[in-house]
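Structural characterization, general
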Amino acid sequence: TLAAAALAVSAAPAAAQVDSIRACHVPTTGNVYRVGTPDTHPNCVAPSHVRFAWPATTPDLGIGGRYLLRLRSGSPPTDRFIVDSAGGTAALGNLGVGEIPVQGAGVRMMWYPYKAAFRAGGVDAIQWDDPNVGFYSWAGGNNNKAEGFAAFVHGSDNSVTSTGGAAFGVNNQVNGTVGFATGANARCDGLGCTAMGFNTNAGGQGSVAIGYRVTADADFSTALGSRASTHGHSGAFVRGDASTTDSLLAVANNEFAVRAAGGFRFRTNATLTTGCDLPAGSGAFACTSSRALKERFAPVDGESLLARIRGVPVNRWSYIGERGGVRHLGPFAEDFRAAFGLGADDRTIGLLDIDGVNFAAAQALEARTAELRVKVAEIERLNAEVAALRQRQAATDARLAELEALVQRLAPRR
């Protein structure tokens, strides 16, 4: 039987009691309606409804005064519902004690002490029936189900079956422990998963899917943007753009794949003046190299550079761990740094640095080539003169031979 009592407490003397307020409680729905006034029923309208009453006090209790309403039930009576004009409202209960107040379809605000669960809004079926209510869970809105322990749901047609899961929006599902889904048609099935946007799917442990029709369906995978999928590859990161309706798919575990049909821009300072671009449709990086962004200029001795290049070993090699037996050709960073003193350290070779060395070497070789051209031209001129002299000498020798022959013919015979 539900009983009620009211206390009025004030720093000033208590005001006179005017009358009692009478009402009835409907156990099947949790509703309360007033009775005993000129415009209400004189008594409860059904035998199953529980009548209760409390004293009505005047609105003026003096400075610091307040109303206090306690609804009690049980034996001995225990507070179940408290209204305090100075301290708010409280609905009390005992965890694991009692039955769910209302089940089935309907619109209601419901506190379920047995599971310390709260519901506010409406359902059209069994979403808020006892089997679908998780301990310490909260669900608000329309047709939302918070079945997991400490689950939190708000919006419409969402479902959270996991411990600590949360969902906001429309038609989202969270089945992964401490998973989170928001937007519309987002699904989160892995431990610690996150699915946000429209038609997103986070299906692995620690997976993240954010955007439009993206899927992160493997452990520790991430899919962002539009129409991108990790395609079952763990640790993969994929980011799709809006340039096509085809999906960008990961092809290997732990891969980083990005589709950006508008190109890439990478900047390395706050004013965005240094960095590299990969233009749309291109396969070549264009990096900052303006004279206006450089300082500490110094000339280059091409011949000295060529001499140092001759001392840098060049080998064929493969990166440790690189798959497929791929081979490369080039110097080592340690030798390059020792020879030219360029770059940030002796573990890397800057592309601009090695390109600069090659460019300067090409200039030095071109200078040699130009000098050789001059020398070759001089040699060719001298060779031409020698050839002309030889021709003249040959002509002279032929004439002398003719004269000698003539002299012999004309000489008297002995």
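Refer to the structure above for everything that follows.
As the structure is a computational prediction, the values presented were derived from the model and not from experiment.

1. What about the pairing of strand 12 (residues 152–156)?
- The sheet contact formed by strand 10 (residues 138–142) and strand 12 spans five bridges and is parallel. For Trp138, the partnering residue across the bridge sits in strand 12 and is Phe152.
- Direction of pairing for strand 12 relative to strand 14 (residues 166–170): parallel, over a ladder of five bridges. Following the sheet pairing, Phe152 is matched in strand 14 by Ala166.

2. Here we look at the packing of helix 1 (residues 302–310) against helix 3 (residues 351–410)
- Following both chains from N to C, one finds helix 1 and helix 3 inclined at 115°, their axes separated by 9 Å at the closest point. Here the hand of the crossing between helix 1 and helix 3 comes out left-handed. Facing Gly302, Glu303, Leu305, Leu306, Ile309 and Arg310 of helix 1, the residues of helix 3 in contact are Val357, Ala360, Ala361, Ala364, Leu365 and Arg368.
- Residue composition of the contact of helix 1 with helix 3, by class: eight nonpolar, one polar and three charged.

3. Observations concerning the side chain of Ser137
- Structurally, Ser137 is set in the loop between strand 9 (117–123) and strand 10.
- Within the structure, Ser137 has its side chain in polar contact with the backbone oxygen of Ala146 (distance 3.5 Å).
- Ignoring sequence-local partners within four residues, the contact set of Ser137 consists of Ala116, Ala117, Phe118, Arg119, Ala146, Gly148, Ala150 and Ala151.

4. With respect to a nonpolar patch on the surface
- A grouping of Leu95, Phe135, Tyr136 and Phe149 is seen on the molecular surface, where their side chains present a nonpolar patch of about 390 Å² in accessible area.
- Its place among the elements puts Phe149 in the loop between strand 11 (145–146) and strand 12.

5. Description of unusual backbone geometry
- Look at Val178: it is not a glycine, yet its phi comes out positive at around 50°.
- Look at Val178 and you get partly exposed, because its relative accessible area is 48%.
- One non-glycine residue, Asn254, lies in the positive phi region at around 60°.
- Its place among the elements puts Asn254 in the loop between strand 23 (248–249) and strand 24 (256–258).

6. Description of the state of the cysteines
- All told, the structure shown has three disulfides when counted by the stated rule.
- Covalent S-S linkage joins Cys188 and Cys193, the inter-sulfur distance amounting to 1.6 Å. Classification of the bridge connecting Cys188 and Cys193 rests on its S-S torsion, roughly 105°, and on that basis the disulfide is right-handed. Each member of the pair Cys188 and Cys193 is classed as buried.
- One disulfide in the model links Cys276 with Cys287; its S-S distance is 1.9 Å. What sets the handedness of the Cys276 and Cys287 disulfide is the S-S torsion sign, and at about 110° it is right-handed. A residue pair is termed long-range when its members are at least 10 positions apart, and Cys276 in strand 26 (residues 275–278) and Cys287 in strand 27 (residues 286–287) qualify at eleven residues.

7. A word on the packing of aromatic side chains
- Within this structure, the stated rule accounts for 13 aromatic pairs.
- Between the aromatic rings of Tyr136 and Phe149, the centroid separation amounts to 5.5 Å while the plane-to-plane angle is 70°, which identifies the pairing as edge-to-face. Pair noted here: Tyr136 is in the loop between strand 9 and strand 10 and Phe149 is in the loop between strand 11 and strand 12, with a separation of 13 residues, a long-range link.
- We classify Tyr136 as partly exposed; its relative accessible area is 44%.
- Phe149 gets classed as partly exposed once you look at its relative accessible area, which sits at 43%.
- Taken together, the aromatic side chains of Phe118, Trp138, Phe152, Phe168 and Phe180 make up a single cluster linked through ring pairs.

8. Things to note about the sheet that holds strand 27
- Spatially, the three strands line up as an open sheet ordered 25-26-27, and their pairing is antiparallel. Of all strands in the sheet, those bounded by a partner on one side alone are strand 25 (264–267) and strand 27.
- Where strand 25 lies against strand 26, four bridges are found, and the strand directions are antiparallel. When the bridges of strand 26 are listed, Arg265 appears paired with Asp277.

Reading the values: rules and limits
- Residues numbered from 1 in each chain as written.
- Predicted model: local features only at pLDDT ≥ 70, side-chain atom pairs only at ≥ 80, totals over all residues.
- Heavy atoms only, no water.
- Pairing = 2+ DSSP bridges.
- Helix = DSSP H or I, 4+ residues; strand = E, 2+ residues; numbered from the N terminus.
- Axes fitted to C-alpha atoms, helices over the stretch in contact; angles between N-to-C directions.
- Left-handed = near helix turned anticlockwise from the far one by under 90°.
- Contact = heavy atoms within 4.5 Å.
- Nonpolar A, V, L, I, M, F, W, Y, C, P; charged D, E, K, R; others polar.
- Polar contact = N/O pair within 3.5 Å; in protein donor to acceptor, adjacent residues only side chain to side chain.
- Patch = residues over 30% accessible without salt bridge, like charges linked within 9 Å, V, L, I, M, F, W, Y side chains within 5 Å.
- Areas by Shrake-Rupley, 256 points an atom, 1.4 Å probe, with all protein chains shown as cover.
- Salt bridge = Lys/Arg side-chain N within 4 Å of Asp/Glu carboxyl O.
- Buried < 20%, exposed > 50% of the residue type's maximum accessible area, 1.4 Å probe, protein only.
- Disulfide = S-S within 2.5 Å.
- Phe/Tyr/Trp six-rings, centres within 6.5 Å; stacked < 30°, edge-to-face > 60°.

The analysis is restricted to geometry; functional conclusions fall outside its scope.
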